[in-house]
Amino acid sequence: MKNLIYQFWEGQPTSGNEAGVRLMKEYADRIGVEYVFELNPSWPENARIKRKNLGRYNPHYGAFKPIFDESYSKYDNILFCDTDVIPVDRCSDNIFEEFVDLDIELGVCEEWMQPELRSTYNMGGISTANDKRWHQIIQNTYNNKMPLDDKGRPRVFNSGCVMYRADGRKKAKEVFVDFKSYCSLMATSGLPAFYQGDQNYLGSMLPRFNWGLMDYKWNSQIFYQPGTTGDNRPISDYRKNPCFVHVQLRGADNYSMERLRKVVNDKF
């Protein structure tokens, strides 16, 4: 099989992003797969869906380039990772081998803690109440049955680490709705701008696929505890035998290689 890890960055890369790219390239070399990083990537001119005038999240939609760019059609599986998703030093597990065993078109990791956090905290408008409004809008507009947890709360899936099989990318070309129309729908709904991003867009499209969950070890998260402020904010550390760590700490884009590796590989 021909497998690829794809990453990109728009704008001027910072030290943390550059370190993340280097460490992901090292992981790709360890497991023997191809790796592509694109700086300020262009969007394919002949793509059915255009990526322009999408508001503040316009750059984030570059995550979908391997779906619409025919130069990537030669790959059996493509893993997209944000540049702040960092492999731990010891990781030699092959994510592609585990994905193939799942026999799905598209794989994501679940932010299993978010329904509870969002029901407790309103994080800049990101809340269970707004998630439910978003769910209802998506179901009414696109007729997509959205997944709920065992308490009836919207489930949350992170778009920072997504695996696409070739048939999943082919389907996405056909069933993805126009990015601009989705962003406009969110803008007119009165929901916070967060819901216009690529993560919620992908979440809204999941029901159209044979999708499934990848092990959380591929997108374990570290972020500051909601509801706290200041220089010494406590950290929510959701790592558990991780292979990739999603470093969602404010300021991490400017970490040095040494500091980033320490955060990812050491306990606080």
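Since we're looking at a predicted model, the values are computed, not measured.

Peer 1: Pulling in residues and values, what's your account of the sheet that holds strand E7 (residues 211-213)?
Peer 2: Taken in spatial order, the six strands of this open sheet run E2-E1-E3-E6-E5-E7, and their pairing is mixed. The sheet terminates laterally at strand E2 (34-39) and E7, the two strands that pair on one side only. The average undirected angle you get between the axes of adjacent strands in this sheet is 25 degrees. Pairing analysis gives five bridges linking strand E3 (residues 77-81) to strand E6 (residues 157-165), with the strands arranged antiparallel. Its bridge partner being in E6, Phe80 is matched across the sheet by Val162. Taken strand by strand, helix H6 (residues 166-175) contacts E3 and E6, and its axis lies near 110 degrees from that of E6. Sheet contacts for helix H8 (residues 198-205): strand E5 (106-110) and E6; angle to E6, the most-contacted strand, approximately 55 degrees.

Peer 1: Hey, could you go over the sheet that holds strand E4 (residues 85-87) for me, with residue numbers and the actual values?
Peer 2: Backbone hydrogen bonds hold the strands of a sheet together, and the pairing may be parallel or antiparallel. Taken in spatial order, the four strands of this open sheet run E4-E10-E8-E9, and their pairing is mixed. Among the strands making up the open sheet, the edge pair consists of E4 and strand E9 (235-237). Averaged over all pairs of adjacent strands, the angle between strand axes in this sheet comes to 20 degrees, irrespective of strand direction. Sheet topology note: the strand E8 (residues 220-224)/strand E10 (residues 244-247) ladder contains three bridges and is parallel. Of the residues in E10, the one forming a bridge with Ser220 is Val245. Docked against the sheet, helix H9 (residues 257-265) engages E4, E8 and E10, running at close to 115 degrees with respect to E10.

Peer 1: For the pattern of salt bridges, give the residues involved together with the corresponding values.
Peer 2: One pass over the full model with this rule turns up 19 salt bridges. A salt bridge links Asp149 to Arg153; its shortest N-O distance comes to 2.9 Å. The two residues Asp149 and Arg153 agree in class, both being buried. One salt-bridge network, held together by shared partners, links Glu38, Lys65 and Asp69.

Conventions adopted
Residues numbered from 1 in each chain as written. Predicted model: local features only at pLDDT ≥ 70, side-chain atom pairs only at ≥ 80, totals over all residues. Heavy atoms only, no water. Pairing = 2+ DSSP bridges. Helix = DSSP H or I, 4+ residues; strand = E, 2+ residues; numbered from the N terminus. Axes fitted to C-alpha atoms, helices over the stretch in contact; angles between N-to-C directions. Contact = heavy atoms within 4.5 Å. Salt bridge = Lys/Arg side-chain N within 4 Å of Asp/Glu carboxyl O. Buried < 20%, exposed > 50% of the residue type's maximum accessible area, 1.4 Å probe, protein only.

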